[in-house]
Amino acid sequence: MFLAGLFTSAYGFFIEPALRLRVKRRRINPANWTGGPLKIAVLADIHMGEPYVTLDRLRQIVTRTNALGADLIVILGDLEAGHRFVTARVSMEETAKVLAGLSAPMGVQAILGNHDWWHDRAAQARGGGSNRIAEHLRAAGVPVLQNRAIRLGEGQASGPFWLAGLDDQLAIGIGDMQFRGLDDLPGTMSQITDDAPAILLAHEPDIFPNVPDRFCLTLSGHTHGGQVRLFGYSPIVPSKFGNRYAYGHVREGARDLVVSGGIGCSIIPVRFGVVPEITLVEISA
C-alpha cells in the first residue's frame, strides 16, 4: 500500500503534469456550421513556470502542435503559472517568442485569461487598460483578440467564418475573491456583419449559458479539467457550474462547447486523470 501511494503521488505531482502530453481529438458537428471541414488546434492554460512547463517543454508543444496540420491555432489564455511550487519564473517575453513559432494556414489567434490579468499589477491598479502579456504576444507577432471579431477562411475549404475572442470574465480584482470582468459579448457580436458561421473564444466556460445560438461553437479552458478527474468526475472545478462545464464536449440546444484540459496547473501542481493536452477540434457540417 505504501509503494502504491508513493507511485500515485509521484505520478500525480510530477509524471503527469511535467512529462506527459497528448493530443485529444474532438470531432464536432455543430448545428449551425454551414462551411466545410475545419481543424482548430487549441492550446489552453500553459502556465509557464519551472520545473513543470519550461521553455524547452513549450518548444516541444509548439513543434507537436504544428505537426497536427490544423487550419487554425488558438491560444486560450493563462500563460504564466501562479502556484507556490514554481521553482523559477519563465520570461513572458521569451514565452511569446516561442509561441510565435506556431504556424497554420489561417494563422494563430490568442485571448487572455484571468492569470494574464491577475499577474499584471499595473493593470490591476488602474482597473484595466493595456495588458503586459498581450503586449508581449503582439510584439512577437501573435494577435490577441480582446472583445474583437475577425472574419477568416475566405477562399478556404471551410468557407468564411467569424472568430470572436472575449476578454477575460474575471480580469480585475475588486474585493475578497470578487472580480470584475472585461468581457463584452454584445459588443463583440456587433462586429459580426453577415451570416457566416461564428466561433467564440472565451477563457472561462461559465459564460456558455449566455452565449446565443449565433455562435455554433465556443472554445474554452480555465478549468484544467479539475486537474484531478476520475470516472468522468472532477471533485474540484473552478466554475460555479461544477462539473457541468469541467471538461470536454458539451452540447446544449443548438450550441456546442469544448473545454480543453490545457497544459499546466494552478493552485497546486497536480494532475491525475487529466493528462496535459493539445486539443484538436475537427469541425464538419
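Since the structure is predicted, the reported quantities are computational estimates derived from the model, not experimental observations. (Residues numbered from 1 in each chain as written. Predicted model: local features only at pLDDT ≥ 70, side-chain atom pairs only at ≥ 80, totals over all residues. Heavy atoms only, no water.)

Peer 1: Outline the pattern of salt bridges, listing residues and values.
Peer 2: Going through the model one piece at a time under the given rule, you end up with 13 salt bridges. Where Asp194 meets Arg151, a salt bridge forms, and the shortest distance between an N and an O atom there is 2.8 Å. On the criterion of sequence distance, the pair formed by Asp194 in the loop between helix H7 (185-189) and strand E9 (198-201) and Arg151 in strand E5 (residues 148-152) is long-range, its members being 43 residues apart. Measuring nitrogen to oxygen at the nearest pair gives 3.8 Å for the salt bridge that ties Glu252 to Arg255. Beyond isolated ion pairs, a larger network of salt bridges with shared partners links Asp213, Arg244, Glu252 and Arg255. (Salt bridge = Lys/Arg side-chain N within 4 Å of Asp/Glu carboxyl O. Helix = DSSP H or I, 4+ residues; strand = E, 2+ residues; numbered from the N terminus.)

Peer 1: Describe in detail the pairing of strand E6 (residues 161-165), supporting the description with residues and values.
Peer 2: The buried fraction of E6 is high, at 5 of 5 residues. Residues Phe161, Leu163 and Gly165 of E6 are buried on one face, and the alternating residues Trp162 and Ala164, pointing to the opposite face, are buried as well. Note: E5 against E6, 5 bridges, orientation antiparallel. By the bridge assignment for E6, Arg148 is matched with Gly165. (Buried < 20%, exposed > 50% of the residue type's maximum accessible area, 1.4 Å probe, protein only. Pairing = 2+ DSSP bridges.)

Peer 1: Could you give an account of a nonpolar patch on the surface, with specific residues and numbers?
Peer 2: Judged by side-chain polarity, Phe13, Phe85, Ile267 and Ile268 come together as a nonpolar surface patch covering roughly 420 Å² of accessible area. Secondary-structure assignment places Ile267 in the loop between strand E12 (255-259) and strand E13 (277-283). (Patch = residues over 30% accessible without salt bridge, like charges linked within 9 Å, V, L, I, M, F, W, Y side chains within 5 Å. Areas by Shrake-Rupley, 256 points an atom, 1.4 Å probe, with all protein chains shown as cover.)

Peer 1: Just give me the short version of the environment of Pro205, but keep the residues and values in it.
Peer 2: Turning to its location among the elements, Pro205 is positioned in the loop between E9 and strand E10 (215-220). We classify Pro205 as buried; its relative accessible area is 1%. Sequence separation between Pro205 and Ala123 is 82 residues; the distance between their C-alpha atoms is 23 Å. Leaving out residues up to four positions away in the same chain, Pro205 has contacts with Ser220, Gly221, His222, Thr223, Tyr245, Leu257 and Val259. (Contact = heavy atoms within 4.5 Å.)

Peer 1: Give me empty space enclosed by the protein: which residues, what numbers.
Peer 2: Inspection of every chain in the model, using the stated rule, returns 1 cavity of 30 Å³ or more. Quantified by volume, the largest cavity comes out at close to 40 Å³. If you trace the largest cavity, you find it lined by Pro17, His47, Gly49, Tyr52, Val53, Ala81, His83, Gly264 and Cys265. (1 Å grid on protein atoms, 1.4 Å probe; cavity = no way out; pocket = protein on both sides within 12 Å on 5 of 7 lines; lining within 4 Å. Points joined across faces, edges and corners; volume = space filled by probe spheres on them.)

Peer 1: How would you explain the sheet that holds strand E2 (residues 38-43) if you had to name every residue and give the values?
Peer 2: Pairing within the open sheet is mixed, and its 5 strands lie in the order E1-E13-E2-E3-E4. Of all the strands in the sheet, the pair left with one neighbour each is strand E1 (22-28) and strand E4 (108-110). The sheet shows a mean angle of 20° between the axes of neighbouring strands, direction not considered. With 7 bridges joining them, E1 and E13 adopt parallel strand pairing. Opposite Ile28, over in E13, you have Ile283 as the bridge partner. (Axes fitted to C-alpha atoms, helices over the stretch in contact; angles between N-to-C directions.)

Peer 1: Kindly report on the nonpolar core, identifying the contributing residues and their values.
Peer 2: Membership of the largest hydrophobic core comes to 39 residues, with the highest contact counts inside it found for Ile46, Ile75, Leu79, Leu99, Leu102 and Leu137. Of all the secondary-structure elements, those providing two or more residues to this core are E2, helix H2 (55-66), strand E3 (72-75), helix H3 (92-99), E4, helix H6 (132-139) and E13. Apart from residues lying up to four places away in sequence, Leu79 is in contact with Ile46, His47, Met48, Met92, Leu99, Asp116, Ile133 and Leu137. Of all hydrophobic cores here, the second largest spans 24 residues; its members include Val74, Met106, Leu145 and Leu219. (Core = buried A, V, L, I, M, F, W, Y, C linked by side-chain atoms within 4.5 Å.)

Peer 1: Can you explain H2? Please cite residues and give values.
Peer 2: The end-to-end C-alpha distance of H2, which contains 12 residues, comes to 16 Å, matching closely the 16 Å that a straight helix rising 1.5 Å per residue would cover. Three or more residues of H2 are buried, namely Arg57, Leu58, Ile61, Val62 and Thr65. Taken around the axis of H2, the buried residues stretch over an arc of 145°, which confines them to a single face. Set apart from the buried face of H2 by more than 90 degrees, the exposed residues are Asp56, Gln60 and Thr63. (Expected span 1.5 Å × (residues − 1). Arc of directions from axis to C-beta.)

Peer 1: I'd like a description of the environment of Glu154, backed by residues and values.
Peer 2: Topologically, Glu154 is positioned in the loop between E5 and E6. For Glu154 and Ser239, which are 85 residues apart along the polypeptide, the C-alpha to C-alpha distance reads 36 Å. Separated by 2.4 Å, the side chains of Glu154 and Arg151 make a polar contact. (Polar contact = N/O pair within 3.5 Å; in protein donor to acceptor, adjacent residues only side chain to side chain.)

Peer 1: Please set out the packing of H3 against H6 residue by residue, giving values where relevant.
Peer 2: Contact geometry for H3 and H6: axes closest at 8 Å, N-to-C directions at 40°. The pairing of H3 with H6 is recorded here as oblique in orientation. H3 and H6 meet at a crossing whose hand is right-handed. When H3 is examined against H6, the residues Met92, Glu93, Ala96 and Leu99 are found in contact with a partner set consisting of Arg132, Ile133, His136 and Leu137. When the residues that make up the contact of H3 with H6 are grouped by side-chain class, the tally is 5 nonpolar, 1 polar and 2 charged. (Parallel < 35°, antiparallel > 145°, perpendicular 65-115°, else oblique. Left-handed = near helix turned anticlockwise from the far one by under 90°. Nonpolar A, V, L, I, M, F, W, Y, C, P; charged D, E, K, R; others polar.)

Peer 1: An account of the sheet that holds E6 is requested, with residue identities and associated values reported.
Peer 2: The 6 strands are arranged E5-E6-E9-E10-E12-E11 in an open sheet whose pairing can be described as mixed. The outermost strands of the open sheet, each flanked by one partner alone, are E5 and strand E11 (248-252). Pairs of neighbouring strands in the sheet enclose a mean axial angle of 20°, with direction left out of account.

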